Amino acid sequence: LENLQPEIKELAKRLRYEVSARGKQLGWSEKVARFHFSKNMRRIVTELYVRDNCHPFKATLLLWVQVPLWVCVSLALRNCSVGALGSAVQEEFSSGGALWFTDLTAPDSTWILPVALGLVNLLVVEV
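Counting restarts for each chain: residues are numbered from 1 in the order of the written sequence. Under the rules for a predicted model, residues below a pLDDT of 70 receive no local features and side-chain atom pairs below 80 are neither given nor counted, while totals for whole chains, interfaces and linings still include all residues. Computation of side-chain values covers all heavy atoms of the structure but excludes hydrogens and water.

**Points about the overall build of the protein chain**
Point 1. A run of H or I in DSSP becomes a helix once it reaches four residues, and a run of E becomes a strand once it reaches two; helices and strands are each numbered from the N terminus. A tally of regular secondary structure across the protein chain gives five helices and zero strands.
Point 2. Starting at the N terminus and ending at the C terminus, the protein chain contains elements arranged as α-α-α-α-α.
Point 3. When the backbone C-alpha atoms are referred to their principal axes, the protein chain occupies close to 85 × 25 × 20 Å.
Point 4. The proportion of buried residues among the 127 residues of the protein chain is 13%.
Point 5. Note that accessible areas follow from Shrake-Rupley with a 1.4 Å probe, and for residues the cover is restricted to the protein chains shown. For the protein chain, the accessible surface area stands at approximately 10400 Å², while carbon and sulfur atoms represent 65% of it.
Point 6. Put simply, the protein chain has 14 plus and 12 minus side-chain charges, and the middle of one group is 23 Å from the middle of the other. Categorising residues by exposure relies on relative accessible area from a 1.4 Å probe, with only protein chains included: less than 20% of the type maximum marks a residue as buried, more than 50% marks it as exposed, and the intermediate range marks it as partly exposed. Positive: Lys, Arg. Negative: Asp, Glu. His and the chain ends are not part of the count. By convention, the charge on Lys lies at NZ, on Arg at CZ, on Asp at CG and on Glu at CD.

Below, the structure written as structure tokens:
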């Protein structure tokens, strides 16, 4: 979408000139000229989106999937960590870790997991 902005601005400038010239030729009022400009501009921008396959809704599609998934996973982890599922799960978490985190109920004192998660998220955003 950002790559299309210079092209859209150039097309808008050209269309504004054409509508203004045509409006003077046909005696359109300012309101009618604005209507024709906006109608044609919407059509042109839609054609650009189709041409480059970059409709703005596609950018939000991941959000509509990712947010509910994140909420569900967060609630599930919260329920597991506060013992809502029972003491058996709590006991398994306290003895089921690996590497440097042997107790999954204790905070990570080395900050390796939070920093690694932050770096991975940064990498995903930048890529």
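And the narrative resumes.
**A few points about the packing of helix H1 (residues 5-26) against helix H2 (residues 30-52)**
Point 1. Running from N to C, H1 and H2 cross one another at 150 degrees; their axes reach a closest spacing of 10 Å. One way to sum up the angle between H1 and H2 is to call them roughly antiparallel. Crossing angle aside, the handedness with which H1 passes H2 is right-handed. Only Ala33, Phe37, Asn40, Met41, Ile44, Val45, Leu48 and Arg51 of H2 make contact with H1, whose side of the interface consists of Glu7, Ile8, Leu11, Ala12, Leu15, Arg16 and Val19.
Point 2. Residues are grouped as follows: Ala, Val, Leu, Ile, Met, Phe, Trp, Tyr, Cys and Pro are nonpolar; Asp, Glu, Lys and Arg are charged; all remaining types, including Gly, are polar. Tallied by class, residues from the contact of H1 with H2 come to eleven nonpolar, one polar and three charged. For helices, the fitted axis covers only the stretch in contact; all axes are lines through C-alpha atoms, and the angles between them, taken along N-to-C directions, range from 0 to 180 degrees. Our angle categories are set so that under 35 degrees counts as roughly parallel, over 145 as roughly antiparallel, 65 to 115 as roughly perpendicular, and the remainder as oblique. Crossings are classed by handedness, with left-handed meaning an anticlockwise turn of the near helix from the far one by less than a right angle and right-handed meaning a clockwise turn. Two residues form a contact once any of their heavy atoms are found within 4.5 Å.

**Overview of the domain arrangement of the protein chain**
Point 1. As used throughout, domain bounds are those supplied by an automatic or database domain assignment. According to the domain assignment, the protein chain consists of domain 1 (3-54) and domain 2 (59-126).
Point 2. Computed over C-alpha atoms, the centres of domain 1 and domain 2 are 49 Å apart.

**What about the nonpolar core?**
Point 1. Take the buried residues of types Ala, Val, Leu, Ile, Met, Phe, Trp, Tyr and Cys, join any two whose side-chain atoms come within 4.5 Å, and each joined set is a nonpolar core. Ranked by internal contacts, the top residues of the largest apolar core, which has 14 residues, are Leu4, Ile8, Leu15, Phe37, Met41 and Leu48.
Point 2. When contributions to this core are tallied by element, the ones reaching two or more residues are H1 and H2.
Point 3. It is H2 that provides the largest number of residues to this core, a total of seven residues.

**Here we look at the pattern of salt bridges**
Point 1. Think of a salt bridge as a Lys or Arg side-chain nitrogen and an Asp or Glu carboxyl oxygen that are within 4 Å of each other. Taken as a whole and judged by the stated rule, the model has four salt bridges.
Point 2. The salt bridge involving Glu47 is made with Arg43; its shortest N-O contact spans 3.3 Å. Placement of the pair is Glu47 and Arg43 together in helix H2, with a separation of four residues, close to one helical turn.
Point 3. With a relative accessible area of 42%, Arg43 lands in the partly exposed category.
Point 4. The partner of Arg51 in a salt bridge is Asp52, and the shortest N-O contact between them spans 2.9 Å.
Point 5. Each of Glu7, Arg51 and Asp52 takes part in a single network of salt bridges with overlapping partners.

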